[in-house]
Amino acid sequence: MEKTWWHTSVGYQIYPRSFYDSNHDGVGDLRGIIEKLDYLSDLGVNLLWICPFYKSPMDDNGYDVSDYYQVDPLFGSFDDAKELIEKAKERGIRIILDLVMNQTSDEHPWFIESRSSKDNPKRDFYIWQDPKLNEDGSIAPPNNWASFFGGSCWNYDERTSQYYMKIFSNKMPDLNWENEAMREAMYDMAKFWLDCGVDGFRIDAIAHLAKDLTFEDSEMELNEDGVAPDWKKFSNRPRLFEYLAEFHDKVLTHYDIVTVGEVGGGADVEDAKNYASYNTKGFNMVFNFDHCWYNGAWDDFGRTKGKLPVDVVGLKKRMNHWIKGSENEMWIPHYWLNHDHPRVMSQYGDPERYHRESGSMLGMLLLSLPGTPFIYNGEEIGMTNVDYEDVNDFRDVWIKTFMQEAVKRHSYEQIMNHLRRTSRDNARTPMQWNAQPHGGFTQGVPHQKSVSNYTWINVASQQHDRTSIFSFYKAMIQLRKDSDYTDTLVYGDFELIEALDTELYAFKRNYDRNLVFIANFSDHEKDISSLNISGHLIINNYSTFTHILKPYQACLIEV
Ligand code: NOJ
């Protein structure tokens, strides 16, 4: 493995809709990001992943693209995008775009043509199948496969009496990657943005490009929607890797860029190597979701209220599985959450009683791991899940289908508990800049309600406080960039200490230096005298360090 710039980069994901609204129409925009570049520079991050800002009807907040070559007016103009790329570069910050290649919007001109007739040249850009006929003559979807957003993964189109495939919402038809003209059009689009100066891509939903083209029913048991959630029918299929190799050869290999694929929950570390091992023609790394839902929120399904216990041993095991499983074979990114997951502060931290301590501990842990870290906007100030009391405050398209079934089986209170823990909207609330209305995100009406704790959890109150969560993120980023520590923190060996301890998260990092990271993941004191750790304290989120760790205390020690 050759050392390269994106190994030592510190990533930061921006959900543009909710980051900063410069024109006060209630939706964040590209000029808003430009205005906050100095903030990002101060934090020290140097690789921005920005969620889609292409032209879109916004059924799924931009993952339904209707024109890849234009910026949606909600977010600004193409000139704003160019200015953002340039101004970021001036500050040493590179930008990667979210490349959406699995589907378009149903309002994309390709789909409008495709659905117009069976013999349209674009018909085959998408996946069309005849209905199944029931015994009574009525029609049914071509097979029993489920969609990620609920219900069937097929939608009927009366114009030509066929179904099109859509593994997300009805307004997001899946592209047919068997079609060469479509693939070439995608490659041209990727080149266009690279030639505009972006430094790479996060590639959306990449595991799903290839489908089981027999379209046979799944044998899996049907779920409550009467469909089979058999994701293997359109995930990690062998043909996919042929498409990726072609994309690599025709586009990616010609640029000095970084690519991060989203492979989701279906791919374990061995599958991930097919996408990103050092000798694969794919991506530089892939995001996995293994650690994102680790507090049992889905199993609990809102039966209880409040914070769920954290399975620290399980969390360590999951993360270790990826770190050790990829050693010497594949580079990996690390992140606590993205725009599809709940806030890490609410999941593994303690926002009520130990906000500062648990938030800084989580940041120090993330930034002490090997690989390339990605921080999600707002994580650096310890933003939390929503506190909504009304289901109508949620915005996610997925919730509409979810509610249709959920109300039949669960009480309103249970559903609300569940959504407050699991909904994607938890990560999509307005960024909390200050204690002004809506956290200073907008002077208009925000597209989604803010979390009411913006009055005390905000950037203004933390940016200049040396003991804040923000300051610990900043200090750790500086440490990763400090040439004395970069090699050890980025490339060093990783070894868990006390892997079976249910409260400690501790590990060694070794390269040219020997570091020990130790964190108390609990809300009470923890005796660590048996570990005999002594050495030079590099960073500590409390003012003292003894063999009794305080609640959520974290330290990095040179031994
Ligand atoms: C993954 C994205 O992160 C998510 O937000 C989106 O809904 C789906 N892919 C579909 O593009």
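Residue positions are given per chain, counted from 1 along the sequence in the order it is written. Restriction of local features to residues with pLDDT of at least 70 applies here, the model being predicted, together with a cutoff of 80 or more for giving and counting side-chain atom pairs; totals for whole chains, interfaces and linings are based on all residues. Values shown for side chains rest on all heavy atoms present in the structure; no hydrogens or waters enter the calculation.

## Quick look at the pattern of salt bridges
(1) Moving on: A pairing counts as a salt bridge when a side-chain nitrogen of Lys or Arg comes within 4 Å of a carboxyl oxygen of Asp or Glu. Evaluated as defined, the whole model comprises 44 salt bridges.
(2) Moving on: Between E83 and K87 there is a salt bridge whose closest N-O contact spans 2.8 Å. Of the two residues, E83 and K87 are both situated in helix 4 (residues 78-90); the distance of four residues between them amounts to about one turn of the helix.
(3) Moving on: We call a residue buried when its accessible area falls under 20% of the maximum for its residue type, exposed when it is over 50%, and partly exposed in between, using a 1.4 Å probe and counting protein chains only. Since its relative accessible area comes to 22%, E83 is described here as partly exposed.
(4) Moving on: Judged by relative accessible area, K87 falls into the partly exposed class, the value being 30%.
(5) Moving on: Measuring nitrogen to oxygen at the nearest pair gives 2.8 Å for the salt bridge that ties K171 to D106. With a gap of 65 residues between them, K171 in the loop between strand 10 (162-165) and helix 6 (180-195) and D106 in the loop between strand 5 (94-100) and helix 5 (109-116) connect regions that are remote in the sequence. Strands are runs of DSSP state E lasting at least 2 residues, helices are runs of H or I lasting at least 4, and numbering of each runs from the N terminus.

## Here's the deal with unusual backbone geometry
(1) Moving on: A positive phi angle, close to 45 degrees, is found at F301, a residue other than glycine.
(2) Moving on: We note that E498 has phi near 50 degrees; this positive angle belongs to a residue other than glycine.
(3) Moving on: For E498, the location among the structural elements is in the loop between strand 16 (493-497) and strand 17 (504-510).
(4) Moving on: Owing to a relative accessible area of 41%, E498 belongs among the partly exposed residues under this scheme.

## What about the site of the ligand?
(1) Moving on: Being near a molecule or strand, for a residue, comes down to having at least one heavy atom within 4 Å of it. D60, Q103, D204, H339 and D340 are the nearest of the 13 residues found near the ligand.
(2) Moving on: Polar contacts, as used here, are pairs of N or O atoms within 3.5 Å; protein pairs need one atom able to donate a hydrogen and one able to accept it. Residues neighboring in sequence count only if both atoms are side-chain atoms. Note that an oxygen atom of the ligand is positioned 2.5 Å from one of the side-chain N or O atoms of D60.
(3) Moving on: H339 is positioned with one of its side-chain polar atoms (N or O) 2.8 Å from an oxygen atom of the ligand.
(4) Moving on: In this classification, the charged set is Asp, Glu, Lys and Arg, the nonpolar set is Ala, Val, Leu, Ile, Met, Phe, Trp, Tyr, Cys and Pro, and all remaining amino acids, among them Gly, are polar. The class makeup of the residues in the shell around the ligand is four nonpolar, two polar and seven charged.

## Focus on the packing of aromatic side chains
(1) Moving on: Ring geometry is summarised as follows: Phe, Tyr and Trp rings, the Trp one being its six-membered ring, pair when their centres sit within 6.5 Å, and such pairs are stacked at plane angles under 30 degrees, edge-to-face over 60 and tilted between the two. Applying the stated criterion across every chain, the model contains 46 aromatic pairs.
(2) Moving on: Here F494 and F507 contribute two aromatic rings whose centre-to-centre distance is 4.7 Å and whose plane-to-plane angle is 35 degrees, an arrangement assigned as tilted. One end of the pair, F494, is in strand 16; the other, F507, is in strand 17, with 13 residues separating them in the sequence. This pair shows no difference in class: F494 is buried, exactly as F507 is.

## Considerations on the pairing of strand 10
(1) Moving on: Side chains Q162 and Y164 of strand 10 all project onto a buried face; the interleaved residues Y163 and M165 project onto the opposite face, where all are buried too.
(2) Moving on: Each pair of strands is called paired provided DSSP finds at least two bridges between the two strands. Sheet analysis places strand 6 (residues 128-129) next to strand 10, joined by two bridges and oriented antiparallel. Paired with W128 across the two strands is Y164, which belongs to strand 10.
(3) Moving on: Here strand 9 (residues 154-157) pairs with strand 10 via four bridges, running antiparallel.

## Focus: the sheet that holds strand 16
(1) Moving on: The strand order 16-17-18-22-20 describes an open sheet built from five strands, whose pairing is antiparallel. A strand with exactly one partner marks an edge of an open sheet, and here the two such strands are strand 16 and strand 20 (536-540). On average, each strand axis in the sheet is tilted by 20 degrees relative to the strand beside it, whichever way the strands run.
(2) Moving on: Pairing geometry for strand 17 and strand 18 (residues 514-520), over seven bridges, is antiparallel. Along strand 18, the bridge assignment pairs K508 with V516.
(3) Moving on: Note on contacts: a residue pair is in contact if any heavy atoms of the two residues lie within 4.5 Å. Note on definitions: angles span 0 to 180 degrees between N-to-C directions of axes, and those axes are lines fitted to C-alpha atoms, for helices only across the stretch in contact. Along the sheet face, helix 16 (residues 469-481) touches strand 20 and strand 22 (554-558) and points at about 135 degrees away from the line of strand 20.

## Observations regarding the nonpolar core
(1) Moving on: By size, the foremost hydrophobic cluster in this structure holds 168 residues, and its most contacted members are Y12, L40, L48, M186, W193 and W336.
(2) Moving on: Ignoring any residue separated from it by four or fewer positions in sequence, one finds L40 in contact with Y12, I14, F19, V45, L48 and I93.
(3) Moving on: Counting 11 residues, the second-largest nonpolar core is a separate cluster that includes A506, V516, L531 and C555. Grouping buried Ala, Val, Leu, Ile, Met, Phe, Trp, Tyr and Cys residues that are joined through side-chain atoms within 4.5 Å yields what is termed a nonpolar core.

Coordinates in, geometry out; function isn't part of it.
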